[in-house]
Amino acid sequence: DPGLHLKLPLTIEKLIKVPVQRQLKMEFGFRTTRPGIRTEYRVTPESSKEAMMLTGDLNVSVVEWIVQYKIQDPYKYLFKLRDAPATFRYMNEAVVRKVVGDNSVDEVITVGRARIALEAKEQLQELCDLYEIGIEVSQLIFQDVNPPDPVKPSFNEVNESLQEKERKINEAWSE
(Lines give C-alpha, C1' and ligand atoms only; values in the text may rest on other atoms or scores of the structure.)
Protein backbone atom coordinates (compact mmCIF):
# COMPACT_ATOMS: atom_id res chain seq x y z
CA ASP A 1 0.00 0.00 0.00
CA PRO A 2 1.14 3.62 -0.47
CA GLY A 3 2.74 5.43 2.42
CA LEU A 4 5.68 5.13 4.72
CA HIS A 5 6.59 1.58 5.70
CA LEU A 6 9.12 0.67 8.33
CA LYS A 7 10.45 -2.70 9.35
CA LEU A 8 11.76 -3.19 12.82
CA PRO A 9 15.19 -4.83 13.30
CA LEU A 10 15.80 -8.49 12.47
CA THR A 11 14.95 -10.03 15.82
CA ILE A 12 11.64 -8.19 16.27
CA GLU A 13 9.96 -8.26 12.85
CA LYS A 14 10.32 -10.40 9.74
CA LEU A 15 9.25 -9.68 6.14
CA ILE A 16 7.97 -12.59 4.05
CA LYS A 17 7.36 -11.88 0.37
CA VAL A 18 4.65 -14.01 -1.23
CA PRO A 19 4.57 -14.34 -5.05
CA VAL A 20 0.90 -13.48 -5.63
CA GLN A 21 1.40 -12.41 -9.27
CA ARG A 22 3.22 -15.57 -10.40
CA GLN A 23 1.75 -18.81 -11.67
CA LEU A 24 3.29 -21.62 -9.60
CA LYS A 25 3.37 -25.34 -10.36
CA MET A 26 3.82 -28.67 -8.60
CA GLU A 27 4.84 -31.88 -10.34
CA PHE A 28 3.75 -35.36 -9.29
CA GLY A 29 5.35 -38.59 -10.49
CA PHE A 30 8.42 -36.84 -11.93
CA ARG A 31 10.66 -33.84 -11.25
CA THR A 32 12.13 -31.26 -13.62
CA THR A 33 15.91 -31.33 -13.41
CA ARG A 34 16.65 -28.61 -15.96
CA PRO A 35 14.01 -26.36 -17.54
CA GLY A 36 14.53 -24.86 -20.96
CA ILE A 37 13.90 -25.55 -24.62
CA ARG A 38 14.79 -29.22 -24.09
CA THR A 39 13.47 -29.71 -20.58
CA GLU A 40 14.93 -32.66 -18.73
CA TYR A 41 12.92 -34.75 -16.27
CA ARG A 42 13.84 -37.51 -13.84
CA VAL A 43 11.86 -40.04 -11.87
CA THR A 44 12.98 -40.62 -8.30
CA PRO A 45 11.87 -43.44 -6.00
CA GLU A 46 9.83 -40.87 -4.04
CA SER A 47 8.12 -39.53 -7.15
CA SER A 48 7.40 -43.01 -8.53
CA LYS A 49 5.61 -43.92 -5.27
CA GLU A 50 3.27 -40.94 -5.57
CA ALA A 51 2.47 -41.86 -9.19
CA MET A 52 1.38 -45.48 -8.52
CA MET A 53 -2.40 -45.62 -8.05
CA LEU A 54 -5.09 -48.22 -7.73
CA THR A 55 -8.03 -47.75 -10.09
CA GLY A 56 -11.67 -48.59 -9.47
CA ASP A 57 -11.41 -51.99 -11.18
CA LEU A 58 -8.44 -52.94 -8.93
CA ASN A 59 -5.75 -52.38 -11.56
CA VAL A 60 -2.61 -50.35 -11.00
CA SER A 61 -1.70 -47.36 -13.15
CA VAL A 62 1.15 -44.87 -13.13
CA VAL A 63 -0.32 -41.36 -13.21
CA GLU A 64 1.92 -38.31 -13.62
CA TRP A 65 0.33 -34.87 -13.35
CA ILE A 66 1.04 -31.17 -12.97
CA VAL A 67 -0.95 -28.64 -10.94
CA GLN A 68 -0.71 -24.94 -11.74
CA TYR A 69 -1.90 -22.55 -9.06
CA LYS A 70 -1.74 -18.97 -7.78
CA ILE A 71 -1.60 -17.70 -4.24
CA GLN A 72 -4.86 -15.82 -3.92
CA ASP A 73 -4.75 -14.71 -0.29
CA PRO A 74 -1.26 -14.27 1.26
CA TYR A 75 -2.66 -14.01 4.80
CA LYS A 76 -4.38 -17.41 4.58
CA TYR A 77 -1.38 -18.93 2.77
CA LEU A 78 1.06 -17.85 5.48
CA PHE A 79 -0.94 -17.95 8.70
CA LYS A 80 -3.92 -20.34 8.42
CA LEU A 81 -1.81 -23.51 8.02
CA ARG A 82 1.61 -24.43 9.34
CA ASP A 83 3.12 -25.64 6.03
CA ALA A 84 0.86 -24.65 3.13
CA PRO A 85 2.99 -26.08 0.26
CA ALA A 86 3.29 -29.51 1.91
CA THR A 87 -0.41 -29.52 2.80
CA PHE A 88 -1.28 -28.57 -0.78
CA ARG A 89 0.90 -31.43 -2.07
CA TYR A 90 -0.87 -33.94 0.21
CA MET A 91 -4.26 -32.55 -0.82
CA ASN A 92 -3.32 -33.07 -4.49
CA GLU A 93 -2.33 -36.67 -3.92
CA ALA A 94 -5.48 -37.42 -1.94
CA VAL A 95 -7.84 -35.88 -4.49
CA VAL A 96 -6.22 -37.48 -7.55
CA ARG A 97 -6.07 -40.89 -5.84
CA LYS A 98 -9.75 -40.59 -4.96
CA VAL A 99 -10.80 -39.60 -8.49
CA VAL A 100 -8.61 -42.24 -10.16
CA GLY A 101 -9.92 -44.84 -7.71
CA ASP A 102 -13.49 -44.07 -8.78
CA ASN A 103 -12.77 -44.92 -12.45
CA SER A 104 -11.60 -47.96 -14.39
CA VAL A 105 -8.08 -48.29 -15.77
CA ASP A 106 -9.37 -47.92 -19.35
CA GLU A 107 -11.02 -44.60 -18.53
CA VAL A 108 -7.91 -43.32 -16.75
CA ILE A 109 -5.50 -44.32 -19.51
CA THR A 110 -7.58 -43.49 -22.59
CA VAL A 111 -11.00 -41.91 -22.98
CA GLY A 112 -11.68 -40.32 -19.59
CA ARG A 113 -8.40 -38.49 -18.92
CA ALA A 114 -9.70 -34.98 -19.55
CA ARG A 115 -12.90 -35.53 -17.59
CA ILE A 116 -11.01 -37.06 -14.67
CA ALA A 117 -8.50 -34.19 -14.63
CA LEU A 118 -11.33 -31.62 -14.61
CA GLU A 119 -13.13 -33.47 -11.82
CA ALA A 120 -9.90 -33.61 -9.78
CA LYS A 121 -9.31 -29.88 -10.32
CA GLU A 122 -12.81 -29.01 -9.10
CA GLN A 123 -12.52 -31.23 -6.02
CA LEU A 124 -9.06 -29.84 -5.24
CA GLN A 125 -10.38 -26.27 -5.39
CA GLU A 126 -13.26 -27.21 -3.08
CA LEU A 127 -10.77 -28.71 -0.63
CA CYS A 128 -8.56 -25.58 -0.82
CA ASP A 129 -11.59 -23.41 -0.03
CA LEU A 130 -12.57 -25.70 2.84
CA TYR A 131 -9.06 -25.62 4.38
CA GLU A 132 -8.79 -21.84 3.74
CA ILE A 133 -5.32 -22.32 2.29
CA GLY A 134 -5.44 -19.17 0.11
CA ILE A 135 -4.66 -20.98 -3.17
CA GLU A 136 -6.55 -20.82 -6.46
CA VAL A 137 -6.07 -23.89 -8.67
CA SER A 138 -5.66 -22.83 -12.31
CA GLN A 139 -5.08 -26.18 -14.02
CA LEU A 140 -4.61 -29.84 -13.27
CA ILE A 141 -3.12 -31.70 -16.23
CA PHE A 142 -2.39 -35.41 -16.53
CA GLN A 143 1.01 -35.59 -18.22
CA ASP A 144 1.39 -39.32 -18.67
CA VAL A 145 -0.85 -42.20 -17.65
CA ASN A 146 0.45 -45.73 -18.24
CA PRO A 147 0.27 -49.20 -16.80
CA PRO A 148 3.28 -50.11 -14.61
CA ASP A 149 6.42 -51.31 -16.44
CA PRO A 150 6.12 -55.02 -15.47
CA VAL A 151 2.55 -55.09 -16.87
CA LYS A 152 3.10 -53.02 -20.05
CA PRO A 153 3.77 -55.96 -22.43
CA SER A 154 0.61 -57.76 -21.32
CA PHE A 155 -1.42 -54.56 -21.53
CA ASN A 156 -0.16 -53.95 -25.08
CA GLU A 157 -0.99 -57.55 -26.08
CA VAL A 158 -4.56 -57.12 -24.82
CA ASN A 159 -4.94 -53.87 -26.78
CA GLU A 160 -3.51 -55.47 -29.93
CA SER A 161 -5.86 -58.43 -29.66
CA LEU A 162 -8.86 -56.12 -29.20
CA GLN A 163 -7.80 -54.19 -32.31
CA GLU A 164 -7.33 -57.48 -34.18
CA LYS A 165 -10.83 -58.57 -33.12
CA GLU A 166 -12.33 -55.30 -34.41
CA ARG A 167 -10.42 -55.66 -37.67
CA LYS A 168 -11.68 -59.25 -38.19
CA ILE A 169 -15.26 -58.19 -37.46
CA ASN A 170 -15.01 -55.35 -39.97
CA GLU A 171 -13.52 -57.73 -42.60
CA ALA A 172 -16.38 -60.19 -42.00
CA TRP A 173 -19.00 -57.46 -42.40
CA SER A 174 -17.38 -56.22 -45.60
CA GLU A 175 -17.50 -59.72 -47.12
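Described in the following lines is the structure provided in the data block. (Residues numbered from 1 in each chain as written. Predicted model: local features only at pLDDT ≥ 70, side-chain atom pairs only at ≥ 80, totals over all residues. Heavy atoms only, no water.)

1. Observations concerning the overall build of the protein chain
Applicable threshold: Strands here are runs of E lasting at least two residues and helices are runs of H or I lasting at least four, both read from the DSSP assignment and numbered beginning at the N terminus. Just to be clear, the radius of gyration here is over C-alpha atoms, and the globule rule we use is 2.2 Å times residues to the power 0.38. Note on contacts: a residue pair qualifies if any of its non-hydrogen atoms lie within 4.5 Å across the two residues. To measure how exposed things are, a 1.4 Å probe is used in the Shrake-Rupley method; for residues, cover is taken only from the protein chains shown. Asp and Glu count as negative and Lys and Arg as positive, but His and the ends of the chain are not part of the count. In plain terms, the charge of a residue is placed at NZ if it is Lys, CZ if Arg, CG if Asp and CD if Glu.
Across its full length, the protein chain holds six helices and six strands. N-terminal to C-terminal, the α/β element order of the protein chain is β-β-β-α-β-β-α-α-α-α-β-α. Whereas a compact globule of 175 residues would reach a radius of gyration of roughly 16 Å, the protein chain reaches 22 Å, over 25% beyond that. The C-alpha extent of the protein chain, read off along each of the three principal axes, is 85 × 30 × 25 Å. The contacts of the protein chain with a sequence gap of at least 6 include a subset with a gap of at least 24, amounting to 69%. In the structure as shown, the protein chain presents an accessible area of about 12000 Å², 54% of it carried by carbon and sulfur atoms. Charge-centre separation for the protein chain: the mean point of 24 positive side chains lies 8 Å from the mean point of 28 negative side chains.

2. Describing the nonpolar core
Put simply, the rule is: Joining through side-chain atoms within 4.5 Å is the link that ties buried Ala, Val, Leu, Ile, Met, Phe, Trp, Tyr and Cys residues into a set, and such a set is a nonpolar core. Buried means the residue's accessible area, taken with a 1.4 Å probe over protein chains only, is under 20% of the maximum for its type, while exposed means over 50%, and partly exposed covers the values in between.
W65, V67, F88, L124, L140 and F142 are the most contacted members of the largest nonpolar core, which has 33 residues in total. Where this core is concerned, the elements lending two or more residues are β1 (24–28), β5 (60–71), α3 (84–101), α4 (105–111), α5 (113–131) and β6 (135–146). Those residues within four positions of F88 in sequence are excluded, and the remaining contacts are M26, V67, Y69, L124, C128, I133, I135 and V137.

3. Digging into the packing of aromatic side chains
Centre-to-centre distance and the angle between the planes together describe a pair of aromatic rings. The test is simple: Stacked, edge-to-face and tilted labels apply to pairs of Phe, Tyr and Trp rings (six-membered ring for Trp) whose centres lie within 6.5 Å, assigned for plane angles under 30 degrees, over 60, and everything in between, in that order. Placement of a positive charge over a ring is assigned whenever Lys NZ or Arg CZ falls within 6 Å of the ring centre and within 35 degrees of the normal to the ring plane.
In this structure the tally under the stated criterion is three aromatic pairs. With centroids separated by 4.5 Å and ring planes inclined at 5°, the aromatic side chains of F28 and W65 adopt a geometry described as stacked. A residue pair is termed long-range when its members are at least 10 positions apart, and F28 in strand β1 and W65 in strand β5 qualify at 37 residues. Residues F28 and W65 agree in their burial class; the two are buried. Measuring from centroid to centroid gives 5.6 Å for Y75 and F79, while their planes differ by 50°, and the two rings are tilted. Residue Y75 and its partner F79 are located together in helix α2 (residues 74–79), separated by four residues, close to a single helical turn. Judged by its relative accessible area of 58%, F79 falls in the exposed class. A cation sits over an aromatic face here: R89 above F28, 4.5 Å from the ring centre.

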